[in-house]
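Structure at a glance
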Amino acid sequence: MPTDRIVPTTCPFCGVGCQIQLNIKDDRILRVTTDFEMAPNYGKLCVKGRFGTDFIHHPTRLKVPLIRKDIVPGQPFGKARRASSLVDDYREATWDEALDLIADKMAEIYRQSGSDAFGTYCCAKATNEDNFIFQKVMRTFLGTNNVDHCSRLCHAGSVAGLMRTIGSAAMSNSIAEMENLDTFLVTGSNTTENHPVIALSLKKAVERGAKLIVIDPRRIELVEFATLWLQQRPGTDVAVFHAMANAIVSEGLVDEAYIAAHTEGFEEYAASLAPYTPEWAEGVTGVPAAKIRQAAHMYANANVAALYWGMGISQSTHGADNATALVNLAMLCGHIGKYGGGLNPLRGQNNVQGCSDMGGLPNVLPGYRFLADPAVRERFEAAWGVPLNPKPGLTAVEMVHAADGGEIRAMYVMGEDPMTSEPNLKHARHALTKLDLLVIQDIFANETALYGHVILPAAAFAEKSGTFTNTERRVQRVRPALPPPGSARPDLDILLDLAKRLEARLGVSVQPGWDYEDASAVWTEIGQLAPEFRGITYQRLDKVGIQYPCYDENDPGTVYLFEDGVPRGKGKFWSLEFRAPKELPDDVYRFNLSTGRVLYHWHGGTLTRRSSLNDIFPEPIVEINPVDAATIPAATGDLVRIASRRGEVVARAEVTERSPIGTIFLPFHFVEAAANLLTLDALDPTAKIPDFKNTAVAVSLAEDHDWNLVLH
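Let me sum up the structure you'll find in this document.

Criteria and cut-off values
Residues numbered from 1 in each chain as written. Predicted model: local features only at pLDDT ≥ 70, side-chain atom pairs only at ≥ 80, totals over all residues. Heavy atoms only, no water. 1 Å grid on protein atoms, 1.4 Å probe; cavity = no way out; pocket = protein on both sides within 12 Å on 5 of 7 lines; lining within 4 Å. Points joined across faces, edges and corners; volume = space filled by probe spheres on them. Helix = DSSP H or I, 4+ residues; strand = E, 2+ residues; numbered from the N terminus. Nonpolar A, V, L, I, M, F, W, Y, C, P; charged D, E, K, R; others polar. Polar contact = N/O pair within 3.5 Å; in protein donor to acceptor, adjacent residues only side chain to side chain. Pairing = 2+ DSSP bridges. Axes fitted to C-alpha atoms, helices over the stretch in contact; angles between N-to-C directions. Contact = heavy atoms within 4.5 Å. Phe/Tyr/Trp six-rings, centres within 6.5 Å; stacked < 30°, edge-to-face > 60°. Buried < 20%, exposed > 50% of the residue type's maximum accessible area, 1.4 Å probe, protein only. Lys NZ or Arg CZ within 6 Å of the ring centre and 35° of its normal.

1. Focus: the layout of surface pockets
Of the voids in this model, the largest pocket is the one considered here, and its volume is about 1,000 Å³. Every residue lining the largest pocket is counted, 43 residues in all, and those nearest its centre are M163, G167, S168, A169 and Y368. If you list the elements that add at least two residues to the lining of the largest pocket, you get α5 (156-165), α15 (352-357) and β15 (369-370). When residues in the lining of the largest pocket are grouped by element, the largest group, five residues, is from α5. Split into classes, the residues belonging to the lining of the largest pocket amount to 22 nonpolar, 11 polar and 10 charged.

2. Notes on the side chain of H57
Relative to the elements of secondary structure, H57 occurs in the loop between α1 (47-51) and β4 (66-68). One polar contact links the side chain of H57 to the main-chain amide nitrogen of I29, over a distance of 2.9 Å.

3. Examining the sheet that holds strand β10 (residues 228-230)
With parallel pairing, five strands are arranged side by side in an open sheet as β10-β9-β8-β12-β13. Of all the strands in the sheet, the pair left with one neighbour each is β10 and β13 (342-345). Strand after strand, the sheet turns through a mean of 15° between neighbouring axes, direction not considered. Inspection of the sheet shows strand β8 (residues 183-187) paired to strand β12 (residues 305-309) by five bridges, in the parallel sense. Opposite L185, over in β12, you have L307 as the bridge partner. Against the sheet, helix α8 (residues 237-250) makes contact with β8, β9 (211-215) and β10, and its axis sits at roughly 135° relative to β9, the strand it touches most.

4. Here we look at empty space enclosed by the protein
Once rolled over the atoms, a probe with the size of a water molecule shows which space is left empty. Considering all chains together, one arrives at five cavities of 30 Å³ or more under this definition. By volume, the largest cavity is sized at about 570 Å³. Where the lining of the largest cavity is concerned, the elements lending two or more residues are α18 (418-421) and β17 (437-442). Per-class residue counts for the lining of the largest cavity are 18 nonpolar, 13 polar and six charged. Considering only enclosed or pocket space, the second largest cavity measures out at about 400 Å³ in volume. Sorting the residues of the lining of the second largest cavity by element identifies α13 (311-314), β23 (591-596) and β27 (663-667) as the ones contributing at least two each. When residues of the lining of the second largest cavity are assigned to their parent elements, the largest contribution, three residues, is made by β23. In terms of residue class, the lining of the second largest cavity is made up of six nonpolar, 18 polar and five charged.

5. Describing the side chain of T420
With respect to the helices, strands and loops of the structure, T420 is situated in helix α18. Ignoring any residue separated from it by four or fewer positions in sequence, one finds T420 in contact with L425, E447, G604, F668, V671 and N676.

6. Remarks on the packing of aromatic side chains
In the structure shown here, the tally under the stated rule is 15 aromatic pairs. Between the aromatic rings of F134 and Y412, the centroid separation amounts to 5.8 Å while the plane-to-plane angle is 70°, which identifies the pairing as edge-to-face. Within this pair, whereas F134 is found in helix α4 (residues 128-141), its partner Y412 is found in strand β16 (residues 410-414), the two being separated by 278 residues in sequence. An identical accessibility class is assigned to F134 and Y412; each is buried. One cation-aromatic arrangement involves R164 over W574; the distance from NZ or CZ to the ring centre is 4.6 Å. Taking the ring centre of F444 as reference, the NZ or CZ of R610 above it sits at 4.4 Å.

The following block contains the structure:
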């Protein structure tokens, strides 16, 4: 069927940032194609990019601003509470009424309780420009650094580990390098399901002769391509990495020249490894000592080697240590700063890299400039014309605890769903009911939206202009192909209108004002404040995405990082102690629960549960090893009840050897069987990320169960 137009843009799902072409007919996406000459995917798409964008047209799209029916202008609000439905509990409003109501209440709370009374969530699915303006509004008008997003629940452990060792949290190599790798190690990443297009390149590398080491408790698909698979017990990652490092040091496999020129702290670190022999690790991890030594030799003796990891490394109460231990390995062997060799956390969301780059974190301003640095604040204060709060803010989970304690009275949530993604959901949902103001800005009424006082309808990726930054630091254009439904508006327009109202109510004048001509004008300001983006312009991006750092318009961008050293000057070796997970199985809760994604769905399911992909994978399943299934007893297709110390859910059993004995795997896409009703909210002391990979649970057969999924 012929189309009316074809609009090139960037896929809205994972961090690969595939370039797609929306084929539009009668203001609907007829099909999705792609350009075989365009980086980073060169004509390849996964099932979500090819068939999952039809959520755009779902009838439950938010189309008009909504205000809770019991809110009367001029009278005090009631606390947040969960609505039974949008129809029963909300009324339609004009944009002026909704934004005036929000601005009035925010100003009131600010005057009464100050900056610390606000908690705000920016969005890893929104554009760089949206997130830059979001954090600017919250920091300049409200004076709060309580700004965070879902990176806290995904790769905060990676960010903390990378920052303290080398001073940079971005993926150091490029997707284009992957097909020509020499040796590479993949750990904590089910790449074929979470980053399918990247997985195609990694498989191609193996076909061309590369050696692959997989370290993962589950028998993921990449195991079938691996030269060596180390199947460690869940939560023992540091023990494996330490034992590899012990073998590398004790057997003289280190890169002495690199260590001398580019690192510090080696002697102390090397001495700290003495107890962590491969034989010790075998007892802790279940991985034979000989395999650990084999992995150490393969990695250390490679001409060049790359590390790739995912949330299996970072989503842990020792996530920062996991990532730090990987960096230690790379520095030991000099596998940093080379084409095909480096440190590569595979970022999850389409713009989680960009949201962090734009200052969507509680301790940094755009470009990862630390708030605690007076010189940094002075520069931003001069540009914006207002003083900035030097005190780092609360992280996502800490904001929920602060709401429960009454310290946070208002939350503004743009495009996130903490009532699905937070750990220990029963506690999180209770905490939200103590808020005096909850504002939701989104394209659908997700679980969090049902607690909102005011719900603002936003435009989706195909309905607005801006940029996303993918996992390899490539900034790419997002272009409007369709009009937003009803009176929904781009996030940027909503935030700018709110800013003008806050300016009038609080009497604060922020430079250069809020009359940006378009998203490109916001991007220009970003480059002025963060020079690593300065050479990237919309005009250049019309042709191809550009990888930062890119300092001027003659700069082609940076394919791989750290050729001339790491940002902190010298990489720092960190001595670490192995720590067991916070919660281990016992006689009552016999199994370890790990959570994650499946190929056909994405994150909290808000998008893919409203796409045709839901027909392929319509209900929650739980992977159970055959040995464990026999003890329940359960067979594939049976309903089972999964219970932890915090809650319980029901899912359909899938008996498979993909999950190891003693561990079950539950996807977190299904609100009707929300995995985070089970997880615990203990945090990594450095990264403040919870553990989504180690929860003690009991499993039993369940009666017939109706999940009763309602899409509001």
